[in-house]
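This is what each chain is made of:
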Amino acid sequence: MRTLRADPWLVASSASLLGSAGPFVPEAVLATLAGAVLVTWGGVSWRALAVAAVCALVCWQRAALLVDDFEARRVAVRDQLGPPSVCAGRGRVVASPVRLGDALRSTIEFAELECDGRPVRIEVPMRAALFGGPAELTRGAEVFVLAKLGALGVFRNAAANDPAPAAARRDVVLSGGALSVEVLAPGTGLTAAIDRARAFVRGRIERTFAPLAAPLARALVLGENDLTDEDAEAFRQSGLSHLLAVSGTHLVFAVVTLVGALRAILLRFQRLARRVNVTRLASAVGVLLALGYADFSGGSGSAWRAAWMLVLVFIARAFERRPCPVRVFALTMLVGAVVDPLLVFDISFMLSLGATSGLLVLGRAWVARAEQIQSRPLRYLTISLAATTATMLPCTPILAVMSPELTLVGLAANVIAAPIGELVALPVCLTHAISSPLPVLETGLGLVGSGALLAVRTVAIASASVESLAFPSVDPTAWHLGLAALGAFAFLRDRLRPSEARASAFVWAATLAIGFQALEAGVRLPLRDGQTLRVSMLDVGQGDATLLELPSSQALLVDAGGFVGSPVNPGERVVLPWLRARRTERLSVVALSHPHPDHFGGLRAVVEQVEVGEFWDTGQGEAEGAGPEYAALIRALRERAVPIRRPDELCGRPRYFGAVRIDVIAPCPHFTPRRDANDNSLVLRVSYGKRRFLLTGDAEKHEEHELAERYGAALAADVLKVGHHGSRTSTTPAFLTLVQPSFATISCGVRNTFGHPHAESVATLSAARVGWLRTDRMGSLSFVTRGEQLDLYAFSFPR
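This report concerns the structure included in the present document. The structure presented is a predicted model; accordingly, all values stated were derived computationally and were not measured.

## Thoughts on the overall build of the protein chain
In terms of helices and strands, the protein chain carries 29 helices and 23 strands. The C-alpha atoms of the protein chain give 29 Å as radius of gyration, which agrees with the globular expectation for 799 residues (28 Å, within 12%). Expressed as lengths along the three principal axes of its C-alpha atoms, the size of the protein chain is roughly 100 × 65 × 50 Å. Within the protein chain, the fraction of its 799 residues that count as buried is 52%. Look at the contacts in the protein chain between residues 6 or more apart in sequence, and 73% of them connect residues 24 or more apart. Carbon and sulfur atoms make up 61% of the accessible area of the protein chain, which amounts to about 35,900 Å² in all.

## A closer look at the environment of Ala-708
Among the structural elements, Ala-708 can be located in helix H26 (residues 701–711). Looking at Ala-708, the relative accessible area reads 21%, which means it is partly exposed. Once the C-alpha coordinates of Ala-708 and Phe-735 are considered, the two residues, 27 residues apart in sequence, prove to be 6.2 Å apart. In this structure Ala-708 touches Leu-715 and Leu-738, once residues within four positions along its chain are discounted.

## Description of the packing of aromatic side chains
For the structure shown, the criterion picks out 7 aromatic pairs. Measuring from ring centre to ring centre gives 6.2 Å for Tyr-293 and Phe-296, while their planes differ by 35°; the resulting arrangement is tilted. Of this pair, Tyr-293 and Phe-296 both sit in helix H10 (residues 278–296), separated by 3 residues, roughly a single helical turn. The class of Tyr-293 is buried, set by a relative accessible area of 12%.

## A closer look at the pattern of salt bridges
Following the criterion strictly, the structure yields 44 salt bridges and no others. When the shortest N-O distance is used, the salt bridge between Glu-206 and Arg-218 registers 2.8 Å. Here Glu-206 is found in helix H5 (residues 190–208), whereas its partner Arg-218 is found in helix H6 (residues 214–222), with 12 residues between them in sequence. Since its relative accessible area comes to 32%, Glu-206 is described here as partly exposed.

## Side note on a nonpolar patch on the surface
Together, Ile-265, Phe-269, Leu-272, Val-276 and Leu-281 make up a nonpolar patch on the protein surface, roughly 410 Å² of accessible area in all. Along the polypeptide, Leu-281 turns up in helix H10.

## Concerning the sheet that holds strand S20 (residues 743–746)
Strands belonging to one sheet form pairs held by backbone hydrogen bonds; the direction of such a pair is parallel or antiparallel. Reading across from one edge, S15-S16-S17-S18-S19-S20-S21 is the order of the 7 strands in this open sheet, with mixed pairing throughout. A single partner strand is all that each edge strand has here, and the edge strands are strand S15 (655–657) and strand S21 (771–774). Across this sheet, the average inter-strand angle for adjacent strands is 20°, counted without regard to direction. The sheet contact formed by S20 and S21 spans 4 bridges and is parallel. Bridge pairing in S21 places Ile-746 opposite Arg-774.

## Side note on the state of the cysteines
Overall, the coordinates contain 2 disulfides when judged by the stated rule. There is a disulfide in this structure between Cys-87 and Cys-115, and the S-S distance comes to 2.0 Å. The sign of the S-S torsion, about 110°, decides the handedness of the disulfide formed by Cys-87 and Cys-115: right-handed. Of this pair, Cys-87 sits in strand S1 (residues 85–100) while Cys-115 sits in strand S2 (residues 103–115), placing them 28 residues apart in sequence. Using a relative accessible area of 2% as the deciding quantity, one classes Cys-87 as buried. Residue classification places Cys-115 among the buried positions, given a relative accessible area of 1%. For Cys-651, the disulfide goes to Cys-668, at an S-S distance of 2.0 Å.

## Some remarks on H5
Between its terminal C-alpha atoms H5 stretches 27 Å, which fits the 27 Å expected from 19 residues at 1.5 Å a residue. Summarising the contacts, the buried residues of H5 are in contact with S1, S2, H6, H10, helix H16 (409–432) and helix H17 (439–464).

## Digging into the side chain of His-758
Tracing the backbone shows His-758 in the loop between S20 and helix H28 (759–767). Among the polar contacts listed, one links the side chain of His-758 to the backbone nitrogen of Arg-728, at a separation of 2.8 Å. His-758 has contacts with Gly-726, Ser-727 and Arg-728, leaving out every residue within four places of it along the chain.

## Examining the sheet that holds strand S9 (residues 533–537)
Here 8 strands make up an open sheet; going across it, the order is S14-S13-S12-S11-S10-S9-S22-S23 and the pairing mixed. Where the open sheet ends on each side, the last strands, each with one partner, are strand S14 (644–645) and strand S23 (790–794). Note: strand S11 (residues 555–558) against strand S12 (residues 586–591), 3 bridges, orientation parallel. Bridge pairing in S12 places Val-558 opposite Ala-591. Packing against the sheet, helix H20 (residues 570–581) makes contact with S9, strand S10 (546–549), S11, S12 and strand S22 (781–785), and its axis sits at approximately 15° to S10.

## So, H6
Of all 9 residues in H6, 9 are buried, a share of seventy percent or more. Turning to H6, its buried residues are Ala-214, Pro-215, Leu-216, Ala-217, Arg-218, Ala-219, Leu-220, Val-221 and Leu-222. Remark: Gly-223 follows H6 within two positions and exhibits a positive phi of approximately 70°.

## Focus on the nonpolar core
Soluble globular proteins tend to bury their nonpolar side chains together. If you look at the biggest cluster of nonpolar residues, it comprises 49 residues, and the most contacted ones within it are Val-255 and Leu-453. Looking at this core, the elements with two or more residues in it are H5, H6, helix H7 (229–238), helix H8 (248–268), H10, helix H11 (301–318), H16 and H17. The residues contacting Val-255, other than those within four sequence positions of it, are His-250, Gly-286, Leu-289, Ala-290, Tyr-293, Leu-310 and Phe-314. Formed by 33 residues, the second largest nonpolar core is a distinct cluster that contains Val-44, Ala-48, Cys-59 and Ile-398.

## Here's the deal with the packing of helix H13 (residues 347–370) against helix H14 (residues 376–392)
Here H13 crosses H14 at 155°, and the two axes come no closer than 7 Å. One finds that H13 runs roughly antiparallel with respect to H14. You can see that H13 and H14 cross each other, and the crossing is right-handed. Listed contacts from H14 to Gly-354, Ala-355, Gly-358, Leu-359, Leu-362, Gly-363, Trp-366, Val-367 and Ala-370 of H13 are Arg-379, Thr-382, Ile-383, Ala-386, Ala-387, Thr-389, Ala-390 and Thr-391.

## As for the environment of Arg-675
Position of Arg-675 among the secondary structure elements: in the loop between strand S16 (660–666) and strand S17 (683–688). Spatially, the C-alpha atoms of Arg-675 and Thr-191 are 59 Å apart, while their sequence positions differ by 484 residues. The residues touching Arg-675, leaving out its near neighbours within four places in the chain, are Gln-620, Asn-680, His-702 and Glu-706.

## So, unusual backbone geometry
The peptide bond linking Ala-666 to Pro-667 adopts the cis configuration, its omega dihedral lying at -5°. Tracing the backbone through its elements, the reader meets Pro-667 in the loop between S16 and S17. The peptide bond linking His-756 to Pro-757 adopts the cis configuration, its omega dihedral lying at -5°. In this model, Asp-116 sits at a positive phi of 50°, which is unusual for a non-glycine residue. Within the element layout of this structure, Asp-116 appears in the loop between S2 and strand S3 (118–119). Positive phi is not limited to glycine here, since Asp-171 has a value of about 60°. Within the element layout of this structure, Asp-171 appears in the loop between helix H4 (164–170) and strand S6 (174–185). By relative accessible area, Asp-171 is classed as partly exposed at 21%.

## Examining the environment of Pro-394
Checked against the element boundaries, Pro-394 lands in the loop between H14 and helix H15 (396–402). Taking the C-alpha atoms as reference, Pro-394 lies 5.1 Å from Gly-354; in sequence the two are 40 residues apart. Contact partners of Pro-394, with chain neighbours within four places excluded, come to Gly-354, Ser-357 and Gly-358.

Conventions we followed
Residues numbered from 1 in each chain as written. Predicted model: local features only at pLDDT ≥ 70, side-chain atom pairs only at ≥ 80, totals over all residues. Heavy atoms only, no water. Helix = DSSP H or I, 4+ residues; strand = E, 2+ residues; numbered from the N terminus. Rg over C-alpha atoms; globule rule 2.2 N^0.38 Å. Buried < 20%, exposed > 50% of the residue type's maximum accessible area, 1.4 Å probe, protein only. Contact = heavy atoms within 4.5 Å. Areas by Shrake-Rupley, 256 points an atom, 1.4 Å probe, with all protein chains shown as cover. Phe/Tyr/Trp six-rings, centres within 6.5 Å; stacked < 30°, edge-to-face > 60°. Salt bridge = Lys/Arg side-chain N within 4 Å of Asp/Glu carboxyl O. Patch = residues over 30% accessible without salt bridge, like charges linked within 9 Å, V, L, I, M, F, W, Y side chains within 5 Å. Pairing = 2+ DSSP bridges. Axes fitted to C-alpha atoms, helices over the stretch in contact; angles between N-to-C directions. Disulfide = S-S within 2.5 Å. Expected span 1.5 Å × (residues − 1). Polar contact = N/O pair within 3.5 Å; in protein donor to acceptor, adjacent residues only side chain to side chain. Core = buried A, V, L, I, M, F, W, Y, C linked by side-chain atoms within 4.5 Å. Parallel < 35°, antiparallel > 145°, perpendicular 65-115°, else oblique. Left-handed = near helix turned anticlockwise from the far one by under 90°.

Below you can see the structure in the form of structure tokens.
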């Protein structure tokens, strides 16, 4: 048997990407790097391994420094600015504006800023995501902005992915809506010209494409993600999102076609062709076109990866070298890691990487076999399935991070939709972008492009509706992803002799399958030890969500946050990912403390995707009305035949979940009519061994007084979930004296405009020597006990 050979560039680039993830999941990354050394043992020189180790360490350190610096600036802005304020300042546009709905989103770098009449201390330029502004905004433009700005809000929850690396890539610490934007000096140079071209093409698409097709065309040509929620979900579920993503296919059509045409034209000038290497000249132009098109198409990670790939191919052609596919692939990874140490957190880049590795490792061999089929229709079908399967398999772990379920229907959907998307929609849409001088042609291309895109959309919607072929996916941990990366690297090595390669593939496939099963067992077993109660206050911004994970392997959810008029759904963004990460497929009880949107806004998303045993509710929302979203929640529960329990069924009847006892102690025996819902909050007392938790919803002084009169010292608890987000209307000294908590949790958001928690409540807690904890400062808070000792875990502790 020959010794395994591993391309040193592939080793170095893989180590670089892994190193970028090191600061956030160090154990998993170190284990993966150690595994990679074993995989390449004897097949790569010590010098190459040393270079790879240096690459990993450098990327590790750079990623850590970038995120630490970003977090320090984000926290400083948060503490300095407080709630969202009206701010005015002079700045410069530093990112290409993007159309979202009816407004542009641009990134402004402020050198000076004043908020509510107070100057903001800016030690380094401060960037803000601004929604709104004139259509003529381009990079480099000097602007004077009047806007309502607030510190960047991110959900920080221990069971979910850390949002800091992705936020640090964008480097935005403020966000808000523009009240007015005055252009002091227009942008100049190449980037400004590209932005003007983008704005022009955007306008022509809107004018000549069908309304339903225009967002799809903008995604395909400009990389703008402005699909409706329904369309975005359909493309994701059907596995067709890549057809709207800027990828290598775009650049091959747009750039390679132009370079080929330029070379053919230059060859016609014989004098020039005899003096100049035409191929080299055309390749040099191709380098510029590739980089320019990647920027024009939105500059996503996948676009830049494809551009770097083409740049390397053109450079090789210019020097009359035949590019090695694996070497080019490795160098694109290395260039990406050098330019952007946090690129590994760009989903589009990782999906592009996975798809390309699948084509290199699996696709070529599978397609070669399929081409031997004699029947033309069967050959075409088999080649399409082989190429689709080869690209989708390596992407499966990444797709599992994004979605709670995967579907086999994506294979058939791609066979049908890919030819329409890649052979019709893509060339038509790209040609449309340069056809405005010929209005008749532009209109015709708009009609054909609309038809092709709507056909792809129809396939996506139809495929997404086929539930019989969908299957749930586990939320992969960093260890799962590390094992997948290790397997991909092993398959991507230089191959053995064909017979040995086949045997090696089977061994690695079996090893990966066993490894995934072992890792999954390692995740699930500690979660179900039969003795531990975990009470977690999730970071849902300005709202409440509390999850109880019981020793009996059951789970109860109290509230799920929510924002009035916001497209952000904490149920989808926070609660469901937490449940997936904790392998919770069923909620024995979902309780709504009271019918206010910041408590029930995320519940319907949870109810529609997770099995629910029963629903506890005060009944006030249905009796007195609480708006259409609450009504939709109740309707969704009844459609699923979920029993709805009200206080008359819950009060005075302790519920036992194994050794855990839960008492509903207010409002009893029913809610008080025509009283504010806050003071009718469902109050739960949770007891396990010697430990107690008191969950008070948004209870204010009236309800606290009633609880004190009725229960007295029986209110004592180790942990108090403070009522009404720490408002001055709650947490009275008399009530706190009876509860005597060791810890008090306050659920509030970074961008809340109510000033929560109020200084009076904080002073009351401090005077009682209670340790108060805020989700806007610490992220999610989890209390873990076996009935004796009480341990606290937080996403982060203040420095």
